[in-house]
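Read off the chains here:
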Amino acid sequence: MHAAVYKDQAKHGGKLKDVTLQKFRRQIDVLNELMEPLTPPADKTLWHPTLEKVKPQRIFMQLLDYSKTANGQPGPDVSDGMLYVVTELAQYSLKDFLSQRRETKNPLSAEEVKNVAKAIVIAMAGLHAKGFVHIDMKPENMMMFNGRLKVIDVDGCVRAGTKISIQDSSISFSPCYCSPEWAKFLIKDNQPLIVASPALDVWSVGMTLCELVSMDAILKPQYANFLRNASSHREAGFMFMEWLSGVKKAPVPRSVERFDKGLFEMITQWLLISNQATRKSCAQSLSSPYISSIGDSSEKDDSHTAISQTEAPVRRFRNRPEDSSTEKPLYRGTLWKLNTNGDPKDENLWIKRDMWIAANHSLCYFSVKENKRLVLIDGMKLTTGTVQMASGFAKPFAFEVTTKSDAEDTEMDVYRLAAESEESLGVWTKTLKNASQTDMVVSMKLGAQMAKDIEAYKMTVKNRRMKVDEGEAQEQYEPLFKGKLRKLKTEGDRQKKEDWFEREMWIAKNGCLMYYSPKEERELIYYTQSDVARAKVEKINEGEACHSHCFRVILPPANNVEFTPGEFSADSEGIRQQWLEQLAKFRA
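What comes next is a walk through the structure.

1. Thoughts on helix α9 (residues 261-271)
Right, so step 1: Buried residues of α9: L263, F264, M266, I267, W270 and L271, and no others.
Right, so step 2: Summarising the contacts, the buried residues of α9 are in contact with α3 (110-129), α5 (198-214), α8 (254-259), α10 (282-285) and α11 (289-292).
Right, so step 3: Looking at where α9 begins, the residue whose side-chain oxygen comes 2.9 Å from the main-chain nitrogen of G262 is D260.

What follows is the structure, encoded as structure tokens:
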């Protein structure tokens, strides 16, 4: 049994905020209605014969009790004026489970993915058959109850067909899981309302199924890219949604196809369809070759599990920076840093640094030699990295931060650091892990403040970029100028050929510097429009690198912290000049 308390009360007089009471009563109504037997809805695309055998208590969290007013209606408790909801107790979320598997490097088997995928699709098909749209579907809102995955966080659900305004502060969503049409609704000037459709959730389901293979949100690196120079999670979220609103094809990693072609085909041909009108429903997806090949488990008893309970992770209570706008560092202190490629057993190669984790999740330090505040690990990398203890080093309280490498011939970059005490080690590693695990899945809330902030964003950020006609919005990330460049890897030596790698890169029509990653097998943003607009681009003198025709892109400092320049090499002087001229078109 789990008791949730709504503590959000107004400061004056202890009166509950209207939106809090609205969400409370909505949750009670929805939970009660979800426990009624599933029946075919009027919209036949939202029904599948499998649902006839599904008991609601197996896919939805059960309500046990709730606070009531004197007349027995859902509301503040008569004894203390608080709002209470008592439900069955969940063990852990799907997000907890995937995080543990990622950290222990123990990916799910093809059979496990199939079972979990079917459980998710059935649960969401059931919700839609009931006439509800979740809006904020993601792994964190699927939880394990005695061996069964169930939908939670239904206080944000709305009935299908409801017209949602940006002013509705009872609605929350997560940028990394929301659909292109939701992004358009928020970012575009000519769309004040959006109609709640099950298709919104279907996109989120597709994103979640990808995560069963990738073990992390597949759009997390893209979001982190925007966070690098944004002043807050909110601004990064707006920039991310502007990008998402123009997506024509879902960026599903090819690793999903290699893992299971049937899963890949269902995700790309049924769920993650950018055009909402041609996207299949969850009920229809139960007829897909992938799901229908699994077999019927709907009549099995409660011992049937989608996830092995012997591996149950500890439930994590996350401290996500919802709509954060602060620039105060997440943590500041002192660390020892091992010189690049240095022997960790040689104490002379460790240098003491003043270091901090910035609000944008970059690990930064002050360089006495250069008298500058520098980024050691970019937030984009840190948020997809891992942190683990290390032993056998010259420093006793050592740990390693491992991130994906820029170079295609190197899987990971490893940074070796050491704290000054066991207590300091615990704080640093915990804070770094928090920064690397969850903060890209920041939750955002609609309302008057959201509407105001979006308008401010459009005025201060979006208008600095190249204007794209509405008819061309879908094409904005296609190449304007394209070619091959050699890129110097992070902390690489420009005089060593092995530290350079070749990439296919292009400048998009809206000014982003893009590239194709063979490692991830998809197109990614290297520098955003605002990065390019504010960057300084300059030639590197001949002889200063092992390659000729080099140039660097220098991002301006953010919060007085400087970024390592991006260094590139072209095949000829003429090609280098073309790159410089094309980049200059988008610089402020």
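2. Some words on the packing of helix α4 (residues 180-187) against helix α7 (residues 233-244)
Right, so step 1: Here α4 crosses α7 at 120 degrees, and the two axes come no closer than 8 Å. Accordingly, the angle class assigned to the pair α4 and α7 is oblique. The way α4 lies across α7 gives a crossing that is left-handed. The segment α4 lies against α7, with P180, A183, L186 and I187 engaging F238, M241, E242 and L244.
Right, so step 2: For the contact of α4 with α7, the class distribution of residues is seven nonpolar, no polar and one charged.

3. Topic: the nonpolar core
Right, so step 1: Ranked by internal contacts, the top residues of the largest apolar core, which has 115 residues, are F173, W182, L209, M241 and L446.
Right, so step 2: Here the element with the most residues in this core is α3; it accounts for 12 residues.
Right, so step 3: Among all residues touching W182, those that are not within four sequence positions of it are I135, I164, I171, F173, I194, L200 and L446.
Right, so step 4: One finds A358, F481, M505 and Y527 within the second-largest nonpolar core, a separate group that totals 27 residues.

4. Focus on α7
Right, so step 1: Helix length check: α7 (12 residues) gives 16 Å between terminal C-alpha atoms against 16 Å at 1.5 Å per residue, within 8%.
Right, so step 2: Most of α7 sits inside the fold, with 12 of its 12 residues counted as buried.

5. Considering the side chain of S204
Right, so step 1: Following the sequence through the fold, S204 ends up in helix α5.
Right, so step 2: For S204, a relative accessible area of 2% gives the class buried.
Right, so step 3: Not counting the four nearest positions on each side in its chain, S204 is found in contact with M137, Y177 and C178.

6. Considering the sheet that holds strand β7 (residues 148-151)
Right, so step 1: Sheet architecture is open: three strands sit in the order β4-β6-β7, paired in antiparallel fashion. The sheet terminates laterally at β4 (92-93) and β7, the two strands that pair on one side only.
Right, so step 2: By the bridge criterion, four bridges tie strand β6 (residues 142-145) to β7 in an arrangement that is antiparallel. When the bridges of β7 are listed, M142 appears paired with V151.
Right, so step 3: Set on the sheet, α3 makes contact with β6 and β7; between it and β7 the angle comes to about 35 degrees.

7. Comments concerning the pattern of salt bridges
Right, so step 1: Within the structure shown, the criterion is met by 23 salt bridges.
Right, so step 2: Ionic pairing is found between R102 and D216, a salt bridge with its closest N-O pair at 4.0 Å. Linking R102 in helix α2 (residues 94-103) with D216 in the loop between α5 and α6 (220-227), this pair joins segments that are 114 residues apart in sequence. Here R102 matches D216 in class, with each residue buried.
Right, so step 3: Taking the shortest distance from any N to any O, the salt bridge between E573 and R576 comes out at 2.6 Å. Of this pair, E573 and R576 are both found in helix α16 (residues 573-584), three residues apart, which corresponds to roughly one turn of the helix.
Right, so step 4: Linked by salt bridges that have partners in common, R494, K536, E538, E544, R552 and E567 make up one network.

8. Remarks on the pairing of strand β12 (residues 331-338)
When a strand is regular, its side chains alternate between the sheet's two faces.
Right, so step 1: In this sheet, strand β13 (residues 350-357) lies alongside β12 in antiparallel orientation, the contact comprising eight bridges. From the neighbouring strand, G333 faces β13, where its bridge partner is M355.

Thresholds applied
- Residues numbered from 1 in each chain as written.
- Predicted model: local features only at pLDDT ≥ 70, side-chain atom pairs only at ≥ 80, totals over all residues.
- Heavy atoms only, no water.
- Buried < 20%, exposed > 50% of the residue type's maximum accessible area, 1.4 Å probe, protein only.
- Helix = DSSP H or I, 4+ residues; strand = E, 2+ residues; numbered from the N terminus.
- Contact = heavy atoms within 4.5 Å.
- Polar contact = N/O pair within 3.5 Å; in protein donor to acceptor, adjacent residues only side chain to side chain.
- Axes fitted to C-alpha atoms, helices over the stretch in contact; angles between N-to-C directions.
- Parallel < 35°, antiparallel > 145°, perpendicular 65-115°, else oblique.
- Left-handed = near helix turned anticlockwise from the far one by under 90°.
- Nonpolar A, V, L, I, M, F, W, Y, C, P; charged D, E, K, R; others polar.
- Core = buried A, V, L, I, M, F, W, Y, C linked by side-chain atoms within 4.5 Å.
- Expected span 1.5 Å × (residues − 1).
- Pairing = 2+ DSSP bridges.
- Salt bridge = Lys/Arg side-chain N within 4 Å of Asp/Glu carboxyl O.

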